[in-house]
Structures are given as structure tokens and as C-alpha cells.
Amino acid sequence: MDTGLTLHFLCRTLGLREPASIAAVTLLDRPYRRLVDELPLRFVGFTVPDELFAGYGLGLDERWRALPDLHVVSSVALSRAATEAA
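Numbering of residues begins from 1 in every chain and follows the order in which that chain's sequence is written. Local features in a predicted model are, by the rule used here, given only for residues with pLDDT of at least 70; side-chain atom pairs are given and counted only at 80 or more, and totals for whole chains, interfaces and linings are based on all residues. Working from all heavy atoms in the structure, the side-chain values ignore hydrogens and water.

Draft legend 1. Structural detail: the overall build of the chain. Along its length, the chain carries 2 helices and 4 strands. Helix and strand labels come from DSSP, where a helix needs a run of H or I of at least four residues and a strand needs a run of E of at least two; each type is numbered from the N terminus. Counted from the first residue to the last, the chain has its helices and strands arranged as α-β-β-β-β-α. Rg of the C-alpha trace for the chain: 16 Å, well past the compact-globule value of 12 Å for 86 residues, more than 25% over. With the principal axes as the frame, the chain shows a C-alpha extent of 50 × 25 × 25 Å. For the chain, the proportion of its 86 residues judged to be buried stands at 21%. The contact criterion used throughout is that any non-hydrogen atoms of two residues lie within 4.5 Å. Pairs at least 24 apart in sequence give 28% of the contacts found in the chain among residues at least 6 apart. Here the Shrake-Rupley method, with its probe set to 1.4 Å, supplies the accessible areas, and only the displayed protein chains count as covering residues. Put simply, the chain shows about 6,400 Å² of open surface, and 57% of that area lies on carbon and sulfur atoms. Positive charge is attributed to Lys and Arg, negative charge to Asp and Glu, and no charge count is given to His or to the chain ends. A charged residue contributes its charge at one atom only: NZ of Lys, CZ of Arg, CG of Asp or CD of Glu. The positive charge centre, built from 9 side chains, and the negative charge centre, built from 11, are 3 Å apart in the chain. Atoms counted for the radius of gyration: C-alpha only. Globule rule: 2.2 Å times the number of residues to the power 0.38. Burial status follows relative accessibility: with a 1.4 Å probe on protein chains alone, a residue under 20% of its type maximum counts as buried, one over 50% as exposed, and anything between as partly exposed.

Draft legend 2. Quick look at the pattern of salt bridges. By salt bridge we mean one thing: a side-chain nitrogen of Lys or Arg within 4 Å of a carboxyl oxygen of Asp or Glu. Scanning all chains against the criterion turns up 5 salt bridges. Residue Arg-33 pairs with Asp-50 through a salt bridge whose shortest N-O separation is 3.4 Å. Of this pair, Arg-33 sits in the loop between strand 1 (24-29) and strand 2 (41-47) while Asp-50 sits in the loop between strand 2 and strand 3 (53-54); the two residues are 17 residues apart in sequence, bridging distant segments of the chain. Across the salt bridge formed by Arg-65 and Glu-62, the nearest N and O atoms sit 3.6 Å from each other. Residue Glu-62 is classed as exposed on the basis of its relative accessible area of 63%.

Draft legend 3. Representation of the environment of Asp-29. By the secondary structure assignment, Asp-29 is in strand 1. Residue class for Asp-29 comes out buried when judged on its relative accessible area of 6%. Sequence-distant contacts of Asp-29, defined by excluding residues within four places in its chain, comprise Met-1, Arg-34, Leu-41, Val-44, Phe-46, Thr-47 and Val-48.

Draft legend 4. Inspection of the confidence of the model for the chain at higher detail. A score from 0 to 100, pLDDT tells how confident the predictor is in each residue. In the predicted model, the chain carries a mean pLDDT of 87, and the fraction of residues at 70 or more is 97%. Ranking the helices and strands of the chain by mean pLDDT puts helix 1 (residues 5-15) first, with 94, and helix 2 (residues 75-85) last, with 71.

Draft legend 5. Structural detail: the nonpolar core. Core analysis: the largest hydrophobic core is formed by 5 residues, namely Leu-7, Cys-11, Ala-24, Val-36 and Leu-39. Apart from the residues within four sequence positions on either side, Cys-11 is in contact with Ile-22 and Pro-40. Buried residues of nine kinds, namely Ala, Val, Leu, Ile, Met, Phe, Trp, Tyr and Cys, make up a nonpolar core once their side-chain atoms join them within 4.5 Å.

Structure follows, in C-alpha cells:
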């Protein structure tokens, strides 16, 4: 969970169908980046710093997504990826 804009949009859209309840779960949360209040976060795994996480489906430009666990991507790896992309 980052800015909360996507979840806010989904909650508004699903709310039009008048569900009995709406709740969300996030593994990684960055509450200090939130642009939207009142999100239905029921469970939060970890509050994390403002760094790029990769693995377990997360990545940058389709890189590192297939890693079986989570990693913080170093600035060296980011610079190398930017150089390779150029």
C-alpha cells in the first residue's frame, strides 16, 4: 500500500454495488506516502521504509519479480538496471 489511490478508486467503484462490507489486506505498507484517508485496511503485514522492494511479484520494469522472497533493491542494482535499459 502506497498512496492509496488505487484502493480508494476500487472501494468507490465496488461501493456502488452496495456490498455488505469492503476490507483490504496489505503485506507492505507505507502510511507516510498516503494521499487518501479512510482506507479499509483490515490487516497490515509490515510497515516499510521508502525503498524499492523486489521479488514475490514486485519489481521494476519486469525485473526481479520472480524472486521467491522479498529483497530491497540497492542503488547499485538500480543504476545498473538503468544503464542496461538505456
